[in-house]
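# What the coordinates show
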Amino acid sequence: MYDHSTPLDEYSWPSCASCGRELWTAEAGRFACRPCEDKTAARIAELPALFRQLDTTAALMRGARRPGAGGGSKTPPIPPRLEVLALVGPGGVAARLSAIEDSWRAMLGWTVAPWRGSPAQSVPLLAAFLANNLLWACGSYEEVGQDIDDLRRLHSECTALVLDERRPGRVQIGNCPTLRADNRVCWTPLTARADSHRIHCPACDSRWETLGEWRELRAGQERVLAEAAGVAA
Ligand SMILES: [Zn+2]
Ligand SMILES: [Zn+2]
């Protein structure tokens, strides 16, 4: 906190709970300054779109080994980007926004938040709640500085991953685990593009488009590899 003590008295001028700047006279009585409120409002508004971009197969694939990059393993596994999974999963963006909503509701004496469904369903609703009540929080909620800091961190974590994601290119993500009509595994090498949610096997025409299907693909690959290892042993 900025030390504004003078020889005349020890009174220190109130400062913003987030950035520490001394509050303007027009901001008297607030806990967070207007610029911090404005920046936070902009971050909250961007979070749903950032979440949608992260909640895609392509975002999870980014950074997988590129074809021909060498390396020892014959079958590169799909590398789940754990930091992306962590943000789009149940403990990620949705849970962090929900924790802020809960503390605001408790402070306002409101009922607890309603169940809002999966993270993908709830993030836009959580962001709307925070946007609608941000002015109150900056004005009346003593702990708002901590929430502003949390929102800034969350926004920058999402932004960094989404920007990383935008680089184009194909990545190799292991082989097609689909069982063909002749009861043999297709095992055609699969690639994913960073700018598309869709994985398509050029040999057997199998498609995986959603996060759930992507998880099934990975489970299928692991099953085939485990069976192959069992046969070889
Ligand atoms: Zn501030
Ligand atoms: Zn296939």
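Computed from a predicted model, the values in this text were never measured in an experiment. (Residues numbered from 1 in each chain as written. Chains lettered and ligands numbered in written order. Predicted model: local features only at pLDDT ≥ 70, side-chain atom pairs only at ≥ 80, totals over all residues.)

## Describing the overall build of the protein
In terms of helices and strands, the protein carries seven helices and four strands. When the helices and strands of the protein are listed from N to C terminus, the series reads α-α-α-α-α-α-β-β-β-β-α. Burial statistics for the protein: of 233 residues in total, 30% are counted as buried. Summarising the internal contacts of the protein: among those between residues at least 6 apart in sequence, 63% fall at separations of at least 24. (Helix = DSSP H or I, 4+ residues; strand = E, 2+ residues; numbered from the N terminus. Buried ≥ 20, exposed ≤ 12 C-beta atoms within 10 Å, placed from the backbone. Contact = placed C-beta atoms within 7 Å.)

## Description of the environment of Gly20
Along the chain, the position of Gly20 falls in the segment before α1 (34–54). Classification of Gly20 by C-beta neighbours within 10 Å gives exposed; the count is 12. With 125 residues separating them in the primary sequence, Gly20 and Gly145 have C-alpha atoms 9.3 Å apart.

## Observations regarding the environment of Thr40
One can find Thr40 in helix α1. Each C-alpha atom, one on Thr40 and one on Leu134, is 8.3 Å from the other, the two residues being 94 residues apart in sequence. Non-local contacts of Thr40, meaning those with residues more than four positions away in its chain, are made with Leu134, Ile148 and Leu151.

## Some thoughts on the packing of α1 against helix α5 (residues 119–140)
Two elements in contact, α1 and α5, have axes whose closest approach is 9 Å; the angle formed by their N-to-C orientations is 175°. The orientation of α1 relative to α5 falls into the category roughly antiparallel. Across from Glu37, Thr40, Ala41, Ile44, Ala45, Leu47, Pro48 and Phe51 in α1, the residues of α5 making contact are Val123, Pro124, Ala127, Leu130, Ala131, Leu134, Leu135 and Cys138. Within the contact of α1 with α5, the residues separate by chemical class into 14 nonpolar, one polar and one charged. (Axes fitted to C-alpha atoms, helices over the stretch in contact; angles between N-to-C directions. Parallel < 35°, antiparallel > 145°, perpendicular 65-115°, else oblique. Nonpolar A, V, L, I, M, F, W, Y, C, P; charged D, E, K, R; others polar.)

## Observations regarding unusual backbone geometry
A positive phi angle, close to 55°, is found at Trp187, a residue other than glycine. The residue Trp187 is located in the loop between β1 (170–175) and β2 (189–193) in this model. Judged by the 19 C-beta atoms lying within 10 Å of it, Trp187 falls in the partly exposed class. For Asp205, which is not a glycine, the phi torsion comes out positive at approximately 70°. By C-beta crowding, Asp205 is classed as exposed, having 10 other C-beta atoms within 10 Å.

## Regarding the environment of Trp208
On the secondary structure map, Trp208 appears in strand β4 (residues 207–208). For Trp208 and Thr57, which are 151 residues apart along the polypeptide, the C-alpha to C-alpha distance reads 8.8 Å. Those residues within four positions of Trp208 in sequence are excluded, and the remaining contacts are Thr57, Ile199, Glu213, Trp214 and Leu217.

## Looking at the nonpolar core
Ala32 and Val93 are the most contacted members of the largest nonpolar core, which totals 45 residues. Composition of this core by domain shows at least three residues from each of domain 1 (28–165) and domain 2 (170–232). Not counting residues within four places of it along the chain, the set of residues in contact with Val93 comprises Leu47, Phe51, Leu87, Pro119, Val123, Leu154 and Cys158. (Core = buried A, V, L, I, M, F, W, Y, C linked by C-beta atoms within 7 Å. Domains from an automatic or database assignment.)

## Quick notes on the packing of helix α4 (residues 93–108) against α5
Where α4 meets α5, the axes come as close as 9 Å, and the angle between the chain directions of the two elements is 35°. With respect to the hand of their crossing, α4 and α5 are arranged in left-handed fashion. Contact residues: α4 offers Val93, Ala94, Leu97, Ser98, Ile100, Glu101 and Trp104, while α5 offers Pro119, Ser122, Val123, Leu126, Ala127, Phe129, Leu130, Asn133 and Ala137. Residues of the contact of α4 with α5, tallied by class, amount to twelve nonpolar, three polar and one charged. (Left-handed = near helix turned anticlockwise from the far one by under 90°.)

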